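Architecture at a glance
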Amino acid sequence: QVQLVESGGGLVQAGGSLRLSCTASGSIFSISSMNWYRQAPGKERDLVAAITSGGTTNYEDSVKGRFTISGDNAKNTVYLQMNSLKPEDTAVYYCKAVVQNKRGSFYVNYWGQGTQVTVSS
């Protein structure tokens, strides 16, 4: 079993910043990537940023230049620094880790509980 605990969400004004964190624990041999998704009310859950254990990053177009994803492999932790926040960034943000539970095993997706980010205009 793997648990992902997220923190850092909250209410900010447009133009403000937040930093989300997500830490994975449990049966972990290795993590190949950790991703941030978001889901606004009535909408689908969409990928916003991803990072591999090697440090390769990818971003959804609407957050490029504003959000930065980073990770600490030793701590099994991923961060999402969100700057210049806009009202359209309002959503529940979810962390996903792609985890190899034991050496030689297949990789499994695990999800965090979500953290609310609200940006006021």
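What counts as what
- Residues numbered from 1 in each chain as written.
- Predicted model: local features only at pLDDT ≥ 70, side-chain atom pairs only at ≥ 80, totals over all residues.
- Heavy atoms only, no water.
- Salt bridge = Lys/Arg side-chain N within 4 Å of Asp/Glu carboxyl O.
- Helix = DSSP H or I, 4+ residues; strand = E, 2+ residues; numbered from the N terminus.
- Buried < 20%, exposed > 50% of the residue type's maximum accessible area, 1.4 Å probe, protein only.
- Disulfide = S-S within 2.5 Å.
- Phe/Tyr/Trp six-rings, centres within 6.5 Å; stacked < 30°, edge-to-face > 60°.
- Lys NZ or Arg CZ within 6 Å of the ring centre and 35° of its normal.
- Pairing = 2+ DSSP bridges.
- Axes fitted to C-alpha atoms, helices over the stretch in contact; angles between N-to-C directions.

A short note on the pattern of salt bridges
- Counted according to the given criterion, the structure contains three salt bridges.
- Note that Asp-89 and Arg-38 form a salt bridge whose closest N and O atoms lie 2.9 Å from each other. In this pair, Asp-89 is assigned in the loop between β8 (77-82) and β9 (91-100) and Arg-38 in strand β4 (residues 30-39), connecting sequence segments 51 residues apart.
- On the basis of relative accessible area, Arg-38 is assigned to the buried category, the value being 13%.
- When the shortest N-O distance is used, the salt bridge between Lys-64 and Asp-61 registers 3.0 Å.

Thoughts on unusual backbone geometry
- Here the phi dihedral of Asn-76 falls at roughly 50 degrees; this positive angle occurs in a residue that is not glycine.
- By the element assignment, Asn-76 lies in the loop between β7 (67-72) and β8.
- In this structure Asn-76 comes out as partly exposed when scored by relative accessible area, which is 23%.
- Not every positive phi belongs to a glycine, and Ser-84 is a case in point at roughly 50 degrees.
- Residue Ser-84 is classed as partly exposed on the basis of its relative accessible area of 41%.

Details of the state of the cysteines
- For the structure on display, the rule yields one disulfide.
- One disulfide in the model links Cys-22 with Cys-95; its S-S distance is 2.2 Å. What sets the handedness of the Cys-22 and Cys-95 disulfide is the S-S torsion sign, and at about -85 degrees it is left-handed. Of the two residues, Cys-22 is situated in strand β3 (residues 18-26) and Cys-95 in strand β9; the sequence distance between them amounts to 73 residues.

With respect to the packing of aromatic side chains
- By the definition in use, this model includes one aromatic pair.
- Residue placement shows Arg-45 over the ring face of Trp-111; its charged tip is 4.9 Å from the ring centre.

Quick notes on the environment of Gly-55
- Checked against the element boundaries, Gly-55 lands in the loop between β5 (46-52) and β6 (57-59).
- Remark: the alpha-carbon pair of Gly-55 and Ile-69, spanning 14 residues in sequence, is separated by 9.5 Å.

Some words on the sheet that holds strand β1 (residues 2-7)
- Spatially, the four strands line up as an open sheet ordered β1-β3-β8-β7, and their pairing is antiparallel. Two strands lie at the open edges of the sheet, namely β1 and β7, each paired on one side alone. The mean inter-strand angle of the sheet, taken between neighbouring strand axes irrespective of direction, is 15 degrees.
- Where β3 lies against β8, six bridges are found, and the strand directions are antiparallel. Considered in β8, the bridge of Cys-22 is made with Val-78.

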